[in-house]
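Here is how the chains run, residue by residue.
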Amino acid sequence: MKPNDLPMANPWTLARRAERMNPSVIREILKVTEKPGIISFAGGLPSPKTFPVDAFAAACAQVLGTDGRAALQYAASEGYAPLRELIAAQLPWDVDPAQVLITTGSQQGLDLVAKVLIDAGSRVLVETPTYLGALQAFAPMEPEVESVASDAEGVDVDDLERKAGRGAERARFLYVLPNFQNPTGRSMSEARRQALVERAAAIGLPLVEDNPYGDLWFDQPPPLPLTARNPEGCIYLGSFSKVLAPGLRLGYVVAPKAIMPKLLQAKQAADLHSPSFNQRMVAEVLKDGFLERHVPTIRALYKRQCAAMLDALKTEMAGLNVQWNSPDGGMFLWVRLPEGMNAVELLPKAVDKGVAFVPGAAFYASEPDPRALRLSFVTASVEQIHIGVAALAQAIREQQQPG
């Protein structure tokens, strides 16, 4: 019998959780942006100009030359001890390195949190809007995800208390990005942070704080992290993707000691450990204060490109009734189209004119805003930003006046 002579019936039965898995809207859009000539404001990709290639070339030689066999061997699931110590030392509150778990990107941190804290049918609270990747990470665990009202300062704490619930019905946690949020670029004010932490503690609601963009401020650093205000009530996620390079796939979780063993067990089941060679290279790069010299160059670049996009929006969108915010750091800004327009419908027309963005609807757990869209300003040049925003404005004009 030849393989093609076997019956064609599908023998695979998918798990129920697989039905909740969906492709990333952003990844699908990025396929479109690979076409020649497309100016992409879609991907949340750091600028490759910021990748410290020379520093990693030197670190690679050093790690292989001094401890190559250990670097290429299996390693502890918790992560490379010197790297965990470096992370603990640079955080602005007292952190025991034993509370630091190295993850394969901070996206894995979201996956581990979901596995450890979410049961089918349990409630999870998120901002409005929120990070699409978090919604994807939570979905296979089959939670009921509920959006909390949010404004320019962040989470509405009164709405949070209304939706948090009590007793067995209490939400498992609130997932929140206080600094230069993906997708909106907004930052939570000092007053709102303190109010959020105090209210969450009072009602017994844990916080999962995701902070991949916090070092990318333009003029002044953001206020103290939520976790620094209540370490026992928070899990903190960090990443090296935005300050070093995303291809390293290294992030970390800082968690209360009470929950760390279960996160570690989930990590062991997922991939045993994150790449030990990459961890040692990062530790080698960081050991002499490299980030203090390197990150300011990223901030300066992103500040220039953000200013260019804001200037282009002001010029090109004049008279179009388009709204946008002005972020103080990070990689994104948030745009609302005129009344009656739909960003999903606008996208193919914009692509035809050579520019791409991400429709905002993908970032909502419920009741999406069809007028919203996200623009990333960090990978396009200043010249491309002006050309791309002009093309986007023209697509909006034509959408407003079809034909």
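As shown above, the structure is provided for reference.
Residues numbered from 1 in each chain as written. Predicted model: local features only at pLDDT ≥ 70, side-chain atom pairs only at ≥ 80, totals over all residues. Heavy atoms only, no water.

### Remarks on the overall build of the chain
Selection criterion: Counting from the N terminus, the helices are the DSSP runs of H or I reaching at least four residues and the strands are the DSSP runs of E reaching at least two. As a reference, a globule follows 2.2 Å times the number of residues to the power 0.38, and the radius of gyration itself is taken over C-alpha atoms. Under the scheme applied here, a residue whose accessible area is under 20% of the maximum for its type counts as buried, over 50% as exposed, and between as partly exposed, the area being computed with a 1.4 Å probe on protein chains only. In these tables, accessible area is a Shrake-Rupley quantity obtained with a 1.4 Å probe, and a residue counts as shielded only by the protein chains included in the view. Only four residue types enter the tally: Lys and Arg on the positive side, Asp and Glu on the negative side, with His and both chain ends excluded. Lys charges are placed at NZ, Arg charges at CZ, Asp charges at CG and Glu charges at CD.
Assigned secondary structure in the chain consists of 13 helices and 15 strands. Taken over the C-alpha trace, the chain has a radius of gyration of 22 Å; the compact-globule value for 403 residues is 22 Å, and the two agree within 12%. By its C-alpha atoms, the chain is 70 × 65 × 55 Å across when sized along the principal axes. Within the chain, the fraction of its 403 residues that count as buried is 53%. Carbon and sulfur atoms make up 53% of the accessible area of the chain, which totals about 18,500 Å². Within the chain, one finds 40 positive and 44 negative side-chain charges whose respective centroids are separated by 3 Å.

### What to know about the side chain of Arg371
To keep it simple, the criterion reads: For the purposes of these results, a polar contact is taken to be a pair of N or O atoms within 3.5 Å, where, inside protein, one atom must be able to donate a hydrogen and its partner to accept one; residues adjacent in sequence count only when each atom of the pair is a side-chain atom. In what follows, a contact means two residues having at least one pair of non-hydrogen atoms within 4.5 Å.
Locating Arg371 in the fold gives a position in the loop between β14 (358-359) and β15 (372-376). A polar contact is formed between the side chain of Arg371 and the backbone oxygen of Leu337, at a distance of 2.8 Å. In terms of polar contacts, Arg371 uses its side chain to reach the side chain of Glu339, at 3.1 Å. Residues contacting Arg371, with those up to four places away along its chain left out, are Val335, Arg336, Leu337, Pro338, Glu339, Gly340 and Met341.

### What about the packing of aromatic side chains?
What counts, and what does not: Pairing of aromatic rings covers Phe, Tyr and Trp, the last through its six-membered ring, and needs centres within 6.5 Å; plane angles under 30 degrees mean stacked, over 60 mean edge-to-face, and all others mean tilted.
In the structure shown here, the tally under the stated rule is seven aromatic pairs. Taking the centre distance of 5.1 Å and the plane angle of 75 degrees together, the rings of Trp93 and Tyr236 count as edge-to-face. Linking Trp93 in the loop between α3 (81-90) and β2 (100-103) with Tyr236 in strand β9 (residues 234-239), this pair joins segments that are 143 residues apart in sequence. For the ring pair Phe138 and Tyr175, a centre distance of 5.7 Å and an interplane angle of 85 degrees mean the geometry is edge-to-face. Of this pair, Phe138 sits in helix α5 (residues 132-138) while Tyr175 sits in strand β7 (residues 174-176), and the two are 37 residues apart along the sequence.

### Describing the sheet that holds strand β12 (residues 332-336)
Within a sheet, neighbouring strands are paired by backbone hydrogen bonds and run either parallel or antiparallel to one another. The condition that has to hold: Two strands pair if DSSP finds at least two bridges between them.
Strand order across the open sheet formed by four strands is β11-β12-β15-β14, with antiparallel pairing between neighbours. Both edges of this open sheet fall to β11 (323-324) and β14, since each of them pairs with a single strand only. Pairing between β12 and β15: five bridges, direction antiparallel. Bridged to Val335 within β15 is Leu373.

### Quick word on empty space enclosed by the protein
Here is the rule we go by: In this analysis a 1.4 Å probe is tested at points of a 1 Å grid over the protein atoms alone, and where it fits but cannot get out there is a cavity; an open set with protein on both sides within 12 Å along at least five of seven lines is a pocket; lining residues have an atom within 4 Å of a point. Grid points are joined across faces, edges and corners, and a volume is the space filled by probe spheres set on the points. The classification used treats Ala, Val, Leu, Ile, Met, Phe, Trp, Tyr, Cys and Pro as nonpolar, Asp, Glu, Lys and Arg as charged, and all other residues, Gly among them, as polar.
As enumerated under the stated definition, the model contains one cavity of 30 Å³ or more in all. Grouping the amino acids of the lining of the largest cavity by side-chain chemistry returns six nonpolar, two polar and no charged.

Scope: geometric values only; no functional claims are made or implied.
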